[in-house]
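Here are the chains, one letter per residue:
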Amino acid sequence: IPLLVTKIFANLTDGMEKVELTFFKHNVWKSIIVMRSDIASKSQIVKLADIGLEVTSTTAKLVVDYLQHLIANNRDIIPSKQCSNHLGWHGDSFLPCDSDIAVDSEGDAQSLLEAVTISGNYEVWFNHVKRWRENTQLRIMMAASFAAILLKKLNLLSFIFHVWGGSETGKT
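Thresholds applied
Residues numbered from 1 in each chain as written. Predicted model: local features only at pLDDT ≥ 70, side-chain atom pairs only at ≥ 80, totals over all residues. Heavy atoms only, no water. Helix = DSSP H or I, 4+ residues; strand = E, 2+ residues; numbered from the N terminus. Rg over C-alpha atoms; globule rule 2.2 N^0.38 Å. Buried < 20%, exposed > 50% of the residue type's maximum accessible area, 1.4 Å probe, protein only. 1 Å grid on protein atoms, 1.4 Å probe; cavity = no way out; pocket = protein on both sides within 12 Å on 5 of 7 lines; lining within 4 Å. Points joined across faces, edges and corners; volume = space filled by probe spheres on them. Nonpolar A, V, L, I, M, F, W, Y, C, P; charged D, E, K, R; others polar. Salt bridge = Lys/Arg side-chain N within 4 Å of Asp/Glu carboxyl O. Patch = residues over 30% accessible without salt bridge, like charges linked within 9 Å, V, L, I, M, F, W, Y side chains within 5 Å. Areas by Shrake-Rupley, 256 points an atom, 1.4 Å probe, with all protein chains shown as cover. Pairing = 2+ DSSP bridges. Axes fitted to C-alpha atoms, helices over the stretch in contact; angles between N-to-C directions. Contact = heavy atoms within 4.5 Å.

Digging into the overall build of the protein
Next up, step 1: Across its full length, the protein holds five helices and seven strands.
Next up, step 2: Written out in order from the N terminus, the α and β elements of the protein read β-β-β-α-α-β-β-β-β-α-α-α.
Next up, step 3: Relative to the compact-globule value of 16 Å for 172 residues, the protein shows a C-alpha radius of gyration of 23 Å, a clear excess of over 25%.
Next up, step 4: Its C-alpha atoms give the protein principal-axis dimensions of roughly 70 × 35 × 30 Å.
Next up, step 5: Relative to its full complement of 172 residues, the protein shows a buried share of 27%.

Topic: the layout of surface pockets
Next up, step 1: By volume, the second largest pocket is sized at about 170 Å³.
Next up, step 2: Every residue along the wall of the second largest pocket is listed here: Trp125, Ser145, Phe146, Ala148 and Ile149.
Next up, step 3: Class assignment of the residues belonging to the lining of the second largest pocket gives a composition of four nonpolar, one polar and no charged.

A few points about the pattern of salt bridges
Side-chain pairing between opposite charges can occur once the charged atoms of the two side chains come close.
Next up, step 1: Inspection of the entire model under this criterion finds six salt bridges.
Next up, step 2: The shortest N-O distance in the salt bridge between Lys25 and Glu54 comes to 2.6 Å. Here Glu54 lies in the loop between α1 (42-45) and α2 (60-74) and Lys25 lies in strand β2 (residues 17-25), a separation of 29 residues in the sequence.
Next up, step 3: We classify Glu54 as partly exposed; its relative accessible area is 47%.
Next up, step 4: Three or more residues are tied together by salt bridges with common partners; here these are Glu17, Arg36 and Arg75.

Observations regarding a nonpolar patch on the surface
Next up, step 1: A cluster of nonpolar residues, Tyr122, Trp125, Phe126 and Phe146, forms a patch on the protein surface that exposes about 440 Å² of accessible area.
Next up, step 2: Among the elements that take part in the nonpolar patch, helix α4 (residues 122-130) stands out by supplying three residues, more than any other.
Next up, step 3: Considering the arrangement of structural elements, one finds Phe146 in helix α5 (residues 136-147).
Next up, step 4: Accessibility expressed as a relative area gives 44% for Phe146, which makes it partly exposed.

A word on the sheet that holds strand β7 (residues 101-103)
Next up, step 1: If you walk across this open sheet you meet the five strands as β3-β2-β1-β4-β7, and the pairing is mixed. Two strands in the sheet have a free side with no partner beyond their single neighbour: β3 (28-35) and β7. Averaged over all pairs of adjacent strands, the angle between strand axes in this sheet comes to 35 degrees, irrespective of strand direction.
Next up, step 2: In the sheet, strand β4 (residues 80-84) pairs with β7 via three bridges, with the strands oriented parallel. Considered in β7, the bridge of Ser84 is made with Val103.
Next up, step 3: Sheet strands in contact with α2 are β1 (3-11) and β2, and its direction is about 65 degrees off that of β1.

Here's the deal with the pairing of β1
Next up, step 1: Note: β1 against β2, seven bridges, orientation antiparallel. Residue pairing across strands places Leu3 opposite Phe23, the latter belonging to β2.
Next up, step 2: The hairpin formed by β1 and β2 contains five residues between the paired strands, and Gly15 there has a positive phi angle of roughly 80 degrees.
Next up, step 3: Two strands pair when backbone bridges link them, and β1 and β4 are joined in this way by four bridges, in the parallel orientation. Within the sheet, the bridge partner assigned to Asn11 lies in β4 and is Cys83.

So, the pairing of β3
Next up, step 1: Here β2 runs beside β3; their pairing, made up of eight bridges, is antiparallel. Bridge assignment links Lys18 to a residue of β3, and that residue is Met35.
Next up, step 2: The turn joining β2 and β3, which pair antiparallel and follow one another in sequence, is formed by two residues; a positive phi near 55 degrees is taken by His26.

Here is the structure:
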């Protein structure tokens, strides 16, 4: 079964490395992203059998050696990508909007990140929101909500914006 390291990810947040393993099984190419330590240990790599990688306790050492040699001898041609496990600013890049940095997430965080997407049409949105800006209270609320992504870039402290008012005044 062909087994390749098709990408190396370097996490900007904690410095950890992950690798994308790609293998061919049942006439289909499958890819999985795992911690670098998972392919560096014969006791860890056998766990990848759960996702279909043909590795056993007998072949584990050979597979680990193969993958380490593959990476060492092809570091300059295996694509690498920076990633981060937190959203927000990373230098001049903003996650999840910047495609130069991959989002590194697993489990519950993955479903949350899948909900944060770029979609729609800016012009349509802008023209729709434009009329709301005529209302001073709504304009202040929108400004406060949009300010969150600018605070770090402008080196400012976070703040609390409290909307106060009686019942049925349109706070919601």
